[in-house]
Amino acid sequence: MLHSLLANPVEYGISDIEYFNRRQYDGATQNWSVSQSADGLMYFANNDGVMQFDGENWRTYSLANNSIVRNVEVTDNGIGIA
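Owing to the predicted nature of the structure, the values given are computational and were not obtained by experimental measurement.

## Some points on unusual backbone geometry
A positive phi is found at Asp26, a non-glycine position, where the angle reads about 55°. Relative to the helices and strands, Asp26 is located in the loop between α1 (22-25) and β1 (31-36). Among the residues examined, Asp26 registers a relative accessible area of 63% and is labelled exposed. Even without a glycine there, the phi angle at Asn66 is positive, about 55°. Inspection of the secondary structure puts Asn66 in the loop between β4 (58-61) and β5 (72-75).

## Description of the environment of Ala64
Here Ala64 shows up in the loop between β4 and β5. Taking the C-alpha atoms as reference points, Ala64 and Gly49, separated by 15 residues in sequence, lie 9.6 Å from one another.

## A closer look at the side chain of Gln52
Among the structural elements, Gln52 can be located in strand β3 (residues 49-53). Gln52 gets classed as buried once you look at its relative accessible area, which sits at 7%. Engagement of the side chain of Gln52 in a polar contact is seen with the side chain of Tyr43, the distance being 2.8 Å. At a separation of 3.4 Å, a polar atom in the side chain of Gln52 contacts the side chain of Tyr61.

## Remarks on the nonpolar core
Of all hydrophobic cores here, the largest spans 7 residues; its members are Leu41, Tyr43, Ala45, Val50, Val69, Val72 and Val74. Residue assignment for this core shows that the elements contributing at least two residues are β2 (42-46) and β5. What Leu41 contacts, discounting residues up to four positions off in sequence, is Ser35, Gln36, Gln52, Phe53 and Asp54.

Cut-offs applied
- Residues numbered from 1 in each chain as written.
- Predicted model: local features only at pLDDT ≥ 70, side-chain atom pairs only at ≥ 80, totals over all residues.
- Heavy atoms only, no water.
- Helix = DSSP H or I, 4+ residues; strand = E, 2+ residues; numbered from the N terminus.
- Buried < 20%, exposed > 50% of the residue type's maximum accessible area, 1.4 Å probe, protein only.
- Polar contact = N/O pair within 3.5 Å; in protein donor to acceptor, adjacent residues only side chain to side chain.
- Core = buried A, V, L, I, M, F, W, Y, C linked by side-chain atoms within 4.5 Å.
- Contact = heavy atoms within 4.5 Å.

Put into structure tokens, the structure is as follows:
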């Protein structure tokens with residue numbers, strides 16, 4: 001006896017990924033980590049500092065000594081970098 005089943009595909013809510021080259025965000029080629037704030041701003045640890053993206057515009061926040069930022073984390077208390 002042969003039974004047939006109808007498949008019910010499941011969609012997993014994988015978001016679209018958009019590629020930005022370094023000329024678009026005007027930063028260094030190496031990005032180390034990423035964090036998102038509650039208001040949706042994205043922060044990237046970059047060799048040139050912290051990059052902020054609001055969905056349209058990029059901003060760079062450099063450290064006073066021009067250090068590479070390897071980790072960025074947004075918390076309720078602000079933005080932590082390392």
